[in-house]
Each structure stands twice: as structure tokens, then as C-alpha cells.
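# Secondary and tertiary structure notes
Here are the chains, one letter per residue:
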Amino acid sequence: MAIDAPSSPTAQPWSDRLRHSTIILIAAALALSVVVSLGELSALHAIAVLLCIAVAALIPWRLHDTAASRDDTRRINPVESAAVAAVVAGMPDPAVLLDRAGRVIHLNAAAAQLAPALRRNELAQFALRSPEIITALRESIATTEPRRATYLDHVPVDRWMELIITPVPVPTSFGGADKCMLMTFHDQTPLRRVEEMRADFVANASHELRTPLAALSGFIDTLQGQARDDPKARERFLGIMHNQATRMARLIDDLLSLSRVELSAHVRPDTLVDLLPIIRQVADGLEPLARERQVEVEIHLPDTPVMIAGDREELLRLFENLIENALKYGASGGRVIVSLTSGAATDGTQEIRVLVRDFGPGIAPEHLPRLTERFYRVDVGDSRSQGGTGLGLSLVKHILNRHRGRLVIESVPKQGATFTACFPQAKAPAQT
């Protein structure tokens with residue numbers, strides 16, 4: 001389908017020009033007729049004047065359009081050009097270009113996602129509420145000098161951000177020079193996470209590894225001394241040492257897994273995965289433990305796939321921890337039920353819920369709020385005898401946080417416990 005370009009004045013047909021000039025010609029004819037009737041002008045002269053007016057009205061003059069286009073060109077600010085907008089849009093980090101008054105000239109998609117309230121031609125300080133940002137911006141505008149600021153962004157998750165404000169010399173419409181402010185935001189969260197992980201790992205590892213290391217050291221001394229020639233004692237001590245070494249290996253493995261999840265906590269998974277095969281794979285893998293503990297595992301899952309945005313390996317670890325805990329600490333009930341339902345969350349959005357219920361001794365109410373703390377145990381002796389590290393539920397909580405989900409724990413003493421992992425329901429793909 002052809003699209004007609006707008007016609008210029010020179011391309012208009014004579015009939016259109018005559019129609020547009022009708023009022024002018026009628027007014028001129030009436031005025032000249034009055035002058036002729038008063039005897040101030042002869043009829044011949046009046047006709048000549050009318051012809052001159054008609055010719056002037058019908059000629060396609062372009063002087064006005066050319067002057068107007070020149071004025072429009074002068075009014076375009078060089079900073080507002082498409083080239084500058086393309087440069088800002090191509091920057092990998094969130095970037096915002098401001099004028100000297102602090103109004104937004106250009107911003108890229110990353111900046112719009114970071115601060116959705118930013119709007120072009122509006123003051124940036126109204127959209128950026130952080131006091132550190134506003135202070136740095138005002139100082140940079142007042143002094144036209146670079147400024148840096150670090151602040152903590154709490155939405156949607158805690159993120160450490162660094163703001164760099166750089167004055168940029170730009171030309172003006174009249175050949176002069178001015179300065180704009182280029183704001184760039186850099187995510188410092190991974191570096192902060194690494195620092196925190198290093199400190200936490202050293203503190204936690206030194207505390208939790210002290211006991212098994214002391215036990216190993218003591219048994220080695222015993223085997224080198226009085227139990228050197230005692231086969232029964234040697235066999236017994238070697239078994240205990242093996243258990244302590246296994247406990248240390250599990251502890252280090254859990255600490256590393258927790259550290260990896262925390263490092264990427266601010267990055268939400270975007271790959272769609274089906275929960276059903278993941279849950280079945282975990283249940284099949286724990287079947288030997290269930291037979292050893294004489295626990296029957298009942299799986300109640302729907303027939304159709306249940307998709308969420310998630311990390312498959314982390315979800316495997318999450319369900320393994322929940323079901324393994326139910327088998328170990330709720331074994332006295334003889335039954336564990338794993339089910340999947342859906343429903344509305346407290347904010348009205350739809351969510352997927354995976355419930356793991358045991359029928360064991362249950363958990364006292366005073367312990368429930370602290371169950372997801374690192375190394376917190378309801379019964380320290382029982383936990384260590386079961387091979388627990390005290391990190392399982394903490395790892396579950398952090399994996400759910402990364403998936404923007406939540407963990408709900410319900411328990412009544414002597415009636416078992418229910419651990420519910422809630423996930424946001426995946427959005428349906430857009431119809432094309």
C-alpha cells in the first residue's frame with residue numbers, strides 16, 4: 001500500500017490555490033468596486049489592481065516555510081539529538097543524562113528499570129528518593145564537579161549501588177558551551193556479598209569445625225598410644241573418625257552452597273522449569289533413606305506440568321533438604337506426605353505451594369521463628385546424630401528468597417510439622 005507524502009505548496013493544483021484565495025479575491029473586488037463607485041479610481045485601473053492581487057494570491061510563495069524550518073532547526077538543542085540518546089541507550093549500566101537544573105534529558109532502559117519513576121523533562125530528585133543520591137546530585141550541580149555516592153536499595157531486594165555523577169561539556173544551540181550531568185549506577189552487591197561470605201564462612205567454619213577436628217585429633221592420639229595394639233578399639237575409633245570426617249564434608253558442602261545462593265540472591269532466575277519431575281527425582285533418590293527409617297512417602301502431584309521461573313539445581317537442593325528432614329526428624333510418625341497445590345498469596349497474586357508434612361513429634365512454638373537461622377537446632381544432640389549441619393533450612397530460605405518465594409512452617413507438638421515452599425506462578429507467555 002502506497003503512502004502519499006504531504007504535498008508542498010508548489011505541488012498544489014491551481015484549482016486548490018484558487019479555492020484557498022477566494023476570500024482574498026472577493027474582499028479585494030468589493031473594496032475596488034466601492035472605490036470606483038466613489039469616483040476615486042477608474043474601472044480600468046481597478047481591474048488591473050484586481051488582476052495583480054489575484055496573481056499574487058495564486059503564486060506559491062515558500063519564503064515563510066523556509067524561514068520557519070530554519071527557526072525550528074535553531075530551536076533543536078544538540079544535547080536532545082538522536083545521536084546523544086543512542087549513546088545513553090547503549091550504555092550497559094543504568095545511565096541518566098540531566099541538564100544543569102537536574103531535569104532528565106535521556107535515560108536508558110536499565111535506568112528506567114532501576115528507578116521507574118524517572119521521566120524525561122522532569123526533575124530527577126523527585127524520582128530518586130535516596131538522601132545520598134540527592135545530596136551528591138545537588139553538590140555536583142552546584143560545583144560542576146564529579147561526585148560519588150554509595151547507597152543501599154531495598155526494593156525488590158537489598159542491593160548495594162554506587163552512583164557516579166560526571167559533568168559533561170556540551171554545545172548549546174547558539175554556539176556556546178554548557179555542562180550536563182551524566183549519572184551512572186553500578187551494582188556493588190556481588191562485591192559486598194563476597195566480603196560478607198568470606199567473613200561469615202571463616203566465623204561459621206571455625207566454630208562448627210572445631211568439635212569434629214578436636215574429636216579426630218583425640219582419636220588419632222589414642223590410636224597412636226594405648227589403643228595401638230587393640231584391634232577392637234582401633235575399629236571402633238576409625239568408625240567414629242569416619243563419621244566426623246563425613247560431618248565436616250557435609251558442613252563445608254552446605255556452607256559453600258549457601259554462599260553461592262547468597263551471592264546471586266539479587267538475580268532472580270528466569271528459566272521456566274517444571275516442578276513435578278524435580279520433586280519425583282528427589283523422592284526417588286531418598287527412597288533408600290525412607291526404607292531405612294521405615295517411613296512411607298506419599299506423593300500427591302497433579303497430572304499436568306507446573307511451571308515456575310527457577311534454577312533446577314537449587315530447587316533439587318531445596319526439596320532434598322525438606323524431604324530429608326521429614327524422613328530424619330519425623331520418622332516416628334511412619335509417614336511423609338508431599339503434595340502440590342495452588343492458591344492466592346496475601347497480596348492477591350497466584351502462587352504454587354509444595355507441602356512436605358511429617359507425623360513425627362512436632363516442633364515447639366518457641367522454636368519456629370528461629371528454625372531458618374544458621375546453625376540453629378531444636379535438639380543439638382539429635383541433629384548431630386542424624387548428620388545435620390544446622391544449615392539445611394537456612395539454605396531453603398535463601399533459595400526461596402532468590403526465587404521471590406517464601407517458606408511457611410506450621411507445627412503442633414506430637415502432631416507433626418508441615419513445611420510449605422511457596423513460589424510465584426509463572427506468567428503465561430504473550431499471545432502472538
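Residues numbered from 1 in each chain as written. Predicted model: local features only at pLDDT ≥ 70, side-chain atom pairs only at ≥ 80, totals over all residues. Heavy atoms only, no water.

The name an unreviewed UniProt entry gives the protein chain is histidine kinase, with Bradyrhizobium betae as the organism. On record in UniProt, under Subcellular location (unreviewed entry), the comment for the protein chain is "Cell membrane". We quote the UniProt Catalytic activity (unreviewed entry) comment for the protein chain here in full: "ATP + protein L-histidine = ADP + protein N-phospho-L-histidine." (UniProt positions renumbered as here; feature names shortened; annotations may be inferred.)

## Things to note about the overall build of the protein chain
Per the secondary structure count, the protein chain includes 14 helices and twelve strands. Each of the 432 residues in the protein chain was classed as buried or not, and the buried ones make up 37%. Long-range contacts, defined as pairs at least 24 residues apart, comprise 60% of the intrachain contacts of the protein chain with a sequence gap of at least 6. Carbon and sulfur atoms make up 58% of the accessible area of the protein chain, which totals about 25,400 Å². (Helix = DSSP H or I, 4+ residues; strand = E, 2+ residues; numbered from the N terminus. Buried < 20%, exposed > 50% of the residue type's maximum accessible area, 1.4 Å probe, protein only. Contact = heavy atoms within 4.5 Å. Areas by Shrake-Rupley, 256 points an atom, 1.4 Å probe, with all protein chains shown as cover.)

## A word on the pairing of strand S12 (residues 417-424)
With seven of eight residues buried, S12 lies mostly within the body of the structure. Here eight bridges tie strand S10 (residues 350-358) to S12, and the two strands are oriented antiparallel to one another. Note on S12: the bridge partner recorded for arginine 353 is cysteine 422. Here strand S11 (residues 406-411) runs beside S12; their pairing, made up of six bridges, is antiparallel. When the bridges of S12 are listed, isoleucine 409 appears paired with phenylalanine 419. The turn linking S11 back onto S12 is made up of five residues, and lysine 414 within it adopts a positive phi angle of 70 degrees. (Pairing = 2+ DSSP bridges.)

## Looking at the packing of helix H10 (residues 275-285) against helix H12 (residues 312-329)
Close contact between H10 and H12 brings their axes to 9 Å; oriented N to C, the two are set at 45 degrees. Our classification of the angle between H10 and H12 gives oblique. When you trace H10 past H12, the crossing you get is right-handed. Counting all contacts with H10, which are made through Leu275, Ile278, Ile279, Gln281 and Val282, the residues of H12 involved are Arg312, Leu315, Leu316, Phe319, Glu320 and Ile323. Across the contact of H10 with H12, the residue classes tally to eight nonpolar, one polar and two charged. (Axes fitted to C-alpha atoms, helices over the stretch in contact; angles between N-to-C directions. Parallel < 35°, antiparallel > 145°, perpendicular 65-115°, else oblique. Left-handed = near helix turned anticlockwise from the far one by under 90°. Nonpolar A, V, L, I, M, F, W, Y, C, P; charged D, E, K, R; others polar.)

## Digging into the packing of H12 against helix H14 (residues 392-402)
Two elements in contact, H12 and H14, have axes whose closest approach is 9 Å; the angle formed by their N-to-C orientations is 140 degrees. For the pair H12 and H14, the crossing hand works out as left-handed. Across the interface between the two elements, Glu314, Arg317, Leu318, Asn321, Leu322 and Asn325 of H12 pack against Gly392, Leu393, Leu395, Val396, Ile399, Leu400 and Arg402 of H14. Here the residues of the contact of H12 with H14 are counted per class, giving seven nonpolar, three polar and three charged.

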